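# Inside the fold
Listed below, chain by chain, are the residues.
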Amino acid sequence: KKKIMIKKILKKKKFQYFLGWLISIYLKFCYHSSIWHIKNNQTIKELISKNKCFLVCFWHNRILMAPFCWENKEKKFKMLISSHPDGRITSHAVSYFGISTISGSSRKNTLSSVKEILNEIKNKNIVGITPDGPKGPKERVKPGLLNLLKKNHIPIVPLSYSAKFNFKLNTWDKFLFVTPCNKFVAVWGEPFFYNKNETEKKNISNLEKEIQRISDLSDNLVK
């Protein structure tokens, strides 16, 4: 009964707006009260200076502070977020940081909202995607994202961050929750292109390894 009650409350739009606003205040407090270090952002700067189109991807469990890793205010940054209640709450929260969202998700074999994503890319905007969201499995890239990269030859730049003071929630993705007065380290990975000379499985493995590499690196750098 309690779960049903919570689900009903989460579906109410007014509550979603309120919770999104509340989360945004907490995130701003975390950001402004903490020390931030961003590594390997030269890669992003070079792509932007050349006016290149690209996507950004990060694991679902590290979505919380991802908006603060984007430093370029001139380039519009949008995020692909599920249309589920928790996704709408996240959408409201990030809107306070000037980040708009695309409603969709990384499905098993397709990426929903492909037309909208491609339209944003054509307009030289940047789209952030959680390749294992919204329901997992945890830290596993779904083929849908690779199909988009394969057909359109768009590079994807992995991103991860970590915090010195954090704890993992008991959720499917082991969500990384952070505290204020913290130390954050964000790490940008190397641009990834779909390699047609390798199998889809190998391409997925290569992308997963790169995201995991920078996740492990960010974890080590905050210690």
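In short, a report on the structure. (Residues numbered from 1 in each chain as written. Predicted model: local features only at pLDDT ≥ 70, side-chain atom pairs only at ≥ 80, totals over all residues. Heavy atoms only, no water.)

## Description of helix 7 (residues 200-221)
The first and last C-alpha atoms of helix 7 sit 32 Å apart over 22 residues, in line with the 32 Å expected at 1.5 Å per residue. Regarding helix 7, the residues found buried are Asn 203, Ile 204, Leu 207, Glu 208, Glu 210, Ile 211, Ile 214, Ser 215 and Ser 218. The buried residues of helix 7 all sit within an arc of 155° when viewed along its axis, so they share a single face. Turned more than 90 degrees away from the buried face of helix 7, the exposed residues are Lys 201 and Lys 209. Looking at the buried positions of helix 7, the neighbouring elements they touch are strand 2 (55-57), helix 6 (143-152), strand 6 (156-163) and strand 9 (183-188). (Helix = DSSP H or I, 4+ residues; strand = E, 2+ residues; numbered from the N terminus. Expected span 1.5 Å × (residues − 1). Buried < 20%, exposed > 50% of the residue type's maximum accessible area, 1.4 Å probe, protein only. Arc of directions from axis to C-beta. Contact = heavy atoms within 4.5 Å.)

## Considering the pattern of salt bridges
Here the structure, examined in full by the defined rule, presents 4 salt bridges. In this structure, Glu 120 and Lys 78 form a salt bridge, with 2.8 Å as the shortest nitrogen-oxygen distance. Of this pair, Glu 120 sits in helix 5 (residues 114-122) while Lys 78 is found in strand 3 (residues 77-81), placing the two residues 42 residues apart along the sequence. Residue Lys 138 is joined to Glu 139 by a salt bridge in which the shortest nitrogen-to-oxygen separation is 3.4 Å. Given the relative accessible area of 32%, Lys 138 is considered partly exposed. Residue Glu 139 is classed as buried on the basis of its relative accessible area of 13%. (Salt bridge = Lys/Arg side-chain N within 4 Å of Asp/Glu carboxyl O.)

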